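Here's the letter readout for the chains.
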Amino acid sequence: MSVTQVINPSTEETVAEVKRASAADAHLAIERSQQAFKSWRQMAPGKRAELLRAFGAKVREANEELARLEVKNSGHTIANARWEANNVADVITYYAGAVERMTGSQIPVPGGVDITFLEPVGVVGVIVPWNFPMPIAGWGFAPALAAGATVVLKPAEVTPLTALRIAELALEAGIPENVFQVVTGSGSVVGEALVEDPLVRKIVFTGSTEVGIGIQQKAAKRIKRVTLELGGKSANIVFADSDITKAAASAPYSVFDNAGQDCCARSRILVEESAYDEFMAKFEVAVTNLRVEDPSLDSSEMGPLITGAHRRSVESYVDESLVLFRGSIPDGRGFWYPPTVIGGVDSSHILFREEVFGPVVTVSTFKDETEAIEMANDSEYGLSGSIWTSNLGKGLRVARGVESGNLSVNSHSSVRYWTPFGGYKMSGLGRELGPDAPNAFCEVKNVFINTDI
Ligand code: TAP
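No experiment lies behind these values; they were computed from the predicted model shown.

> Run through the overall build of the chain, naming residues and quoting values.
The secondary structure content of the chain amounts to 14 helices and 20 strands. For the chain, the C-alpha radius of gyration of 23 Å lies close to 22 Å, the compact-globule estimate for 453 residues. For the chain, the C-alpha atoms occupy an extent of roughly 75 × 60 × 40 Å along the three principal directions. Looking at the chain residue by residue over its 453 residues, the buried ones come to 55%. Considering only intrachain contacts with a sequence separation of at least 6, the fraction spanning at least 24 residues in the chain is 72%. Approximately 18300 Å² of the chain is accessible, and the part contributed by carbon and sulfur atoms is 53%. Taking the average place of the 42 positive charges on the side chains of the chain and the average place of its 55 negative ones, the gap between the two points comes to 6 Å.

Printed below as a string of C-alpha cells:
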C-alpha cells in the first residue's frame, strides 16, 4: 500500500503514515456514496437533524483531542486549533438546525398550482487545503449533509489526520456508513477522480486560484456544480481618525495568524499618510512582542509554516533590502519563518500583488479615502479586508467601495459561521456558511399541477 508520511512542522518528525489512495479507491468511495445517498436523502428530516446534532456533540466532546492532533499535524497554535475544532462542532450543529427548516414554495399561477421542491444534488466532493483542515472541511460537509447530500472529502495530503478522526466521530454518532467518507491521497489522483467522476454532482473546492481554475474547466465538461474558495491579497486600511493603538495591536493577528497561511490574511496594510509614523511605531512593538513559539504551548501566538518546501517558497518572495522589521523565531528544528514587515513597494511589486501565504506583509500609504479604495481594489483578488476608522459612515462607505466578499470595520475578524463567506473576482465563486449554505447543495424542482382538469 502506498502511504504518505505525515510530518509535524514544528519538529520535522513523522507523526503518522496515511494511505495514499488510488483513483480506483476514490471511484469505489464515490459509488458507495451514491448508494448511501438513496437512503440519506429519504431519511425523515427530524431523524437527519438528530443524527447531525449527535455528530456535532461528538466533535465538541473531542475538542481537545482534535486540537492536539491539529497542532501535531499542521503546527497550528493550540489556542487556534481549539477554536477550529469548536468551529466544526458549531457548524455541524448550526446546519442540523437547518434540516427541518428547508422548504420549497407554492407560487400562484394561472390554471393551477405550482410547487417548488429543494432536492439534494447527490454525491458531493469536498476538496480541502492544508491551511485550515478542520473548519474548511466542516463548511463544506456540514451544510451538504444537512441538505441530504452525501460527501466524499479529500483532505490535503499533508494534513489528513483531523479529517480522518472526524469521519470516525460521524460513525460513532450514528451517521450511516458511507454518508460521509474521507479519502486520503494526492490532488492529482483523488482530487482529479472526484472532479472527473460523473456520479459526483458538485465539487466544493478550497485552495489556490490556479488549481481552482483547472477544476472549474474540468467541471464545465459535465456542467458539474462548483463552489470555489480561492486565494486572497486583502487590504487592512487604517485611517488617521481611527484608534491607532487598537489598529496597530490588531494588525499582527490580521496577517500573521496561522503564520500568514490564511486566505483572509490582510497582507497589504494601507495607512493614511498622516498616521504612518504613529502606526508603524506601535505596529513594530506589536510584531516584536508576538509570541512565535512551540504551538502546543497555551501562550503560543504563531507556529511554523507547513513544510520546508513552503518555507522556501515564502523565502523566495522576500527581498531582504525591503524588510523594515521582523519578529523572532525559536531555535532548532521546524519550518519557522519570522513575521516580516516590508516597506517601499509600489503596486506593481510582486509582494503587493501575489499571495505569499506566509507571515509577510507590505505597508504602503494613501492620501485620502478615494485613493485607499483604489489601492485596495488594485488586486485580482477580493476575499477579505479590514477598515479602521472612528467615522462609521466612512467605514461603511469604504466597505461598500472595496470589491471584496468579507469586510470588517474596526476588527480583524473574517469568519462568523452565521454569515455568508466567499470571494469576489479571482477569490472564488459562490458562498459558504450563513443560512443559505444548504441550498447550494440542492436543485430546485418546479412542479405544475393543472387544477382545471
Ligand atoms: P492547492 O494546492 O490548490 O490544494 C488544495 C487542495 O486541492 C488540496 O487538497 C490538493 O491536494 C487539491 N488538489 C491539488 N491539485 C488538484 C487537482 N488537480 N484536482 C483536484 N484537487 C487538487 O492549495 P493549497 O496550497 O493546499 O492551499 C493554499 C491555497 O488555498 C491558498 O491560495 C489559499 O488562499 C487558498 N485558501 C482559500 C480559502 C478560501 S475560504 N477562500 C481558504 C483557505 C485556503 P494535495 O495538496 O493533497 O495534493
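> Which residues make up the sheet that holds strand 11 (residues 268-272), and what values go with them?
Strand order in the open sheet made by the seven strands is 12-13-14-11-10-16-17, with mixed pairing throughout. Two strands in the sheet have a free side with no partner beyond their single neighbour: strand 12 (323-326) and strand 17 (408-409). In terms of strand pairing, strand 16 (residues 385-388) meets strand 17 through two bridges, oriented parallel. Along strand 17, the bridge assignment pairs serine 386 with serine 408. Relative to the sheet, helix 14 (residues 392-401) contacts strand 10 (235-238), strand 16 and strand 17, its axis offset from that of strand 16 by approximately 155 degrees.

> If you had to explain the packing of helix 9 (residues 244-255) against helix 10 (residues 276-289) to someone new, which residues and values would you point to?
The N-to-C vectors of helix 9 and helix 10 enclose an angle of 40 degrees; their axes lie 8 Å apart at closest approach. Considered as vectors, helix 9 and helix 10 are oriented oblique to each other. Like other packed secondary-structure pairs, helix 9 and helix 10 cross with a definite hand, here right-handed. In contact with Ile244, Thr245, Ala247, Ala248, Ala249, Ala251 and Pro252 of helix 9, helix 10 contributes Glu278, Phe279, Lys282, Phe283, Ala286 and Val287.

> Break down the domain arrangement of the chain for me, citing the residues and quoting the values.
Looking at the assigned domains, one finds that the chain contains domain 1 (3-230 + 427-450) and domain 2 (235-416). Taking the mean C-alpha position of each, domain 1 and domain 2 sit 30 Å from one another. Counting residues at the interface gives 27 residues for domain 1, matched by 28 residues for domain 2. For the pairing of domain 1 and domain 2, the buried interface totals around 2200 Å² over both sides, and the portion due to carbon and sulfur atoms is 57%. Of all residues in domain 1, the largest losses of buried area upon contact with domain 2 belong to Glu12, Trp130 and Ser427, amounting jointly to 25% of the total for that side. Counting across the interface, domain 1 meets domain 2 through two salt bridges. Of the charged contacts, one joins arginine 82 and aspartate 298 as a salt bridge, the two residues approaching to 3.1 Å between their closest N and O atoms. If you list the elements that add at least two residues to the side of domain 1 that touches domain 2, you get helix 3 (63-74) and helix 4 (78-99). Looking at the side of domain 1 that touches domain 2, the element that brings in the most residues is helix 3, giving four residues. Class assignment for the residues of the side of domain 1 that touches domain 2 results in 10 nonpolar, 12 polar and five charged.

> So what about the site of the ligand? Which residues, and what values?
In the vicinity of the ligand, 29 residues are found, and the nearest of them are Val128, Glu157, Gly187, Ser208 and Glu355. The separation between a nitrogen atom of the ligand and a polar main-chain atom of leucine 230 is 2.8 Å. Glutamate 355 has a polar side-chain atom sitting 2.6 Å from an oxygen atom of the ligand. Protein burial of the ligand: of its 920 Å² of free accessible surface, 86% is covered by the chains. Within the residue set of the shell around the ligand, elements represented by two or more residues are helix 7 (187-196), strand 8 (200-206) and helix 8 (209-220). The greatest single-element share of the shell around the ligand, amounting to three residues, is contributed by helix 7. Taken together, the residues of the shell around the ligand sort by class into 15 nonpolar, nine polar and five charged. When residues of the shell around the ligand are assigned to domains, at least three fall in each of domain 1 (3-230 + 427-450) and domain 2 (235-416).

> Describe helix 7, listing the residues and the values that go with them.
Residues Val190, Gly191, Ala193, Leu194 and Val195 constitute the buried set of helix 7. Residues of helix 7 that are buried make contact with helix 1 (23-40), strand 5 (123-127), strand 6 (150-154), strand 8 and helix 8.

> A description of the sheet that holds strand 20 (residues 442-450) should follow, citing residues and the corresponding values.
Read from one edge to the other, the open sheet built from three strands follows the order 3-4-20, with strand pairing classed as antiparallel. Every other strand in the sheet has two partners, leaving strand 3 (105-109) and strand 20 as the edge strands with one partner each. Taking each pair of neighbouring strands and ignoring which way they run, the sheet shows an average axis angle of 25 degrees.

> Just give me the short version of the nonpolar core, but keep the residues and values in it.
Grouped together as the largest cluster of nonpolar side chains are 58 residues, with contacts concentrated most on Phe55, Phe141, Leu153 and Phe180. For this core, the secondary-structure elements that each account for two or more residues are helix 1, helix 2 (45-61), helix 4, strand 5, helix 5 (133-147), strand 6, helix 6 (161-172) and strand 7 (180-182). Residues from two domains meet in this core; each of domain 1 (3-230 + 427-450) and domain 2 (235-416) gives at least three. Excluding anything up to four places from it in sequence, phenylalanine 180 contacts Phe55, Phe141, Leu145, Val151, Leu153, Ile166, Ala167 and Ala170. Formed by 37 residues, the second largest nonpolar core is a distinct cluster that contains Val238, Val271, Leu351 and Val361.

> Give a detailed account of the packing of aromatic side chains, specifying residues and quantitative values.
The way to describe two aromatic rings as a pair is by their centre distance and the angle between their planes. Counted under the stated rule, the structure contains 11 aromatic pairs. Ring centres of tyrosine 94 and tyrosine 95 lie 4.8 Å apart, and the angle between their planes is 70 degrees; on these two criteria the pair is classed as edge-to-face. The class for tyrosine 94 is partly exposed, based on a relative accessible area of 22%. Within the aromatic cluster, the residues linked to one another by ring pairs are Tyr94, Tyr95, Tyr417 and Trp418.

Rules of the game
- Positions within a chain are numbered from 1, following the residues in the order the chain's sequence is written.
- Residues qualify for local features only when their pLDDT is at least 70, as the model is predicted, and side-chain atom pairs are given and counted only at 80 or more; totals for whole chains, interfaces and linings, by contrast, use all residues.
- Heavy atoms throughout the structure, all of them, feed into the side-chain values; hydrogens and water do not.
- The numbering of helices and of strands both runs from the N terminus, where a helix is a DSSP run of H or I of at least 4 residues and a strand a run of E of at least 2.
- It is over C-alpha atoms that the radius of gyration is taken, and the globule rule equals 2.2 Å times the number of residues to the power 0.38.
- Relative accessibility thresholds used throughout: buried, under 20% of the residue-type maximum; exposed, over 50%; partly exposed, between the two (1.4 Å probe, protein chains only).
- Contacts are assigned to residue pairs that have any heavy atoms within 4.5 Å of one another.
- Computed with a 1.4 Å probe, the accessible areas rest on the Shrake-Rupley method; for each residue, only the protein chains presented here act as cover.
- In this charge count, Lys and Arg are treated as positive and Asp and Glu as negative; neither His nor the chain ends contribute.
- Where a charge sits is defined by one atom per residue type, namely NZ (Lys), CZ (Arg), CG (Asp) or CD (Glu).
- Pairing between strands requires that DSSP locate at least two bridges from one strand to the other.
- Where helices are involved, their axes are fitted lines through C-alpha atoms of the stretch in contact, as for all axes, and angles between N-to-C directions lie from 0 to 180°.
- For this classification, under 35 degrees means roughly parallel, over 145 means roughly antiparallel, 65 to 115 means roughly perpendicular, and everything else is oblique.
- Definitions for this section: a left-handed crossing has its near helix turned counterclockwise from the far helix by less than a right angle. A right-handed crossing has that turn clockwise.
- Reported domain spans reflect what an automatic or database domain assignment gives.
- As a working definition, buried area equals the accessible area (1.4 Å probe) given up by two parts on being put together, with both sides summed.
- The term salt bridge refers to a side-chain nitrogen of Lys or Arg lying within 4 Å of a carboxyl oxygen of Asp or Glu.
- All amino acids are sorted into three groups, where Ala, Val, Leu, Ile, Met, Phe, Trp, Tyr, Cys and Pro are nonpolar, Asp, Glu, Lys and Arg are charged, and the leftover types, Gly among them, are polar.
- Throughout this document, a residue counts as near a molecule or strand when at least one of its heavy atoms sits within 4 Å of that molecule or strand.
- Under this definition, polar contacts are N or O atom pairs within 3.5 Å; protein pairs additionally need one hydrogen-donor-capable and one acceptor-capable atom, and for neighbouring residues in sequence, both atoms have to be side-chain atoms.
- Only buried residues count toward a nonpolar core. Its members are Ala, Val, Leu, Ile, Met, Phe, Trp, Tyr and Cys residues joined through side-chain atoms within 4.5 Å.
- Any two of the Phe, Tyr and Trp rings considered here, Trp counted by its six-membered ring, make a pair once their centres fall within 6.5 Å; the pair's planes then place it as stacked at under 30 degrees, edge-to-face at over 60, or tilted in between.

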